[in-house]
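Take a look at the letters that make up each chain.
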Amino acid sequence: MTRPEMSTRNPTPKRIQPSIKHEAVNPRDYLKYNLPWACEDCSHYNFENDNCSFGCHVKWHKKEYQKHAYELSGRMALCRFQEID
Ligand code: SF4
């Protein structure tokens, strides 16, 4: 048996959260180390088709976007699936 006041309430709208998280990278580490942080450094990146073998959106993890994001905010969208040979 449902309570009448519960059945007339609107459901709580789901919060829309960004799926891409940008993480802070220490500027000293960024300048000191040659870190592989972009799709172009990853074994899953297909240069010919400009896509990822996992089907991830490469737009957020490619070098050009990463550099731009880092210069603006000190943060990068690091990919959790990146693999390096
Ligand atoms: S796994 Fe991540 S870093 Fe590698 S190609 Fe796909 S999106 Fe890019």
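Above: the structure in question.
This write-up is about the structure you can find in this document. Sequence order sets the numbering: in each chain, residues are counted from 1 along the sequence as written. Note on the predicted model: pLDDT of at least 70 is required for a residue's local features to be given, and 80 or more for side-chain atom pairs to be given and counted; whole-chain, interface and lining totals, by contrast, use all residues. Just so you know, side-chain values use all the structure's heavy atoms and leave hydrogens and water out.

1. Quick word on the nonpolar core
We count it as follows: Nonpolar cores were defined as sets of buried Ala, Val, Leu, Ile, Met, Phe, Trp, Tyr and Cys residues, with membership established by side-chain atoms within 4.5 Å. Each residue is placed in one exposure class: buried if its accessible area under a 1.4 Å probe, protein chains only, is under 20% of its type's maximum, exposed if it is over 50%, and partly exposed if it falls in between. We call two residues contacting when some pair of their heavy atoms lies within 4.5 Å.
In this structure, V25, W37, A38, Y70 and M76 together form the largest nonpolar core, which totals five residues. Leave out the neighbours within four places in its chain, and M76 touches K21, H22, E23, V25, Y30, W37, Q66 and Y70.

2. Remarks on the site of the ligand
Selection rule: Here a residue is near a molecule or strand as soon as one of its heavy atoms is found within 4 Å of it. Amino acids are sorted into nonpolar (Ala, Val, Leu, Ile, Met, Phe, Trp, Tyr, Cys and Pro), charged (Asp, Glu, Lys and Arg) and polar (every other residue, Gly among them).
In the neighbourhood of the ligand, the contacting residues comprise C39, C42, H44, Y45, C52, F54, C56, H61, C79, F81 and Q82. Tallied by class, the residues present in the shell around the ligand amount to eight nonpolar, three polar and no charged.

3. Regarding the pattern of salt bridges
The line we're drawing: Here, a salt bridge means any side-chain nitrogen of Lys or Arg that lies within 4 Å of a carboxyl oxygen of Asp or Glu. Here a strand is any run of E in DSSP of at least two residues, a helix any run of H or I of at least four, and the numbering for each starts at the N terminus.
Counted under the stated rule, the structure contains three salt bridges. Linking R80 and E23 is a salt bridge whose minimum nitrogen-to-oxygen distance equals 2.7 Å. Residue R80 is found in the segment after strand 4 (75-76), and its partner E23 is found in strand 1 (residues 23-24); the two are separated by 57 residues along the sequence. For R80, a relative accessible area of 60% puts it in the exposed group. E23 gets classed as partly exposed once you look at its relative accessible area, which sits at 26%. A salt bridge links K62 to D50, with the nearest nitrogen and oxygen atoms 2.9 Å apart. Residue K62 is found in the loop between strand 3 (51-52) and helix 3 (63-73), and its partner D50 is found in the loop between strand 2 (45-46) and strand 3; the two are separated by 12 residues along the sequence. Here K62 falls in the partly exposed class, since its relative accessible area comes to 22%. With a relative accessible area of 36%, D50 lands in the partly exposed category.

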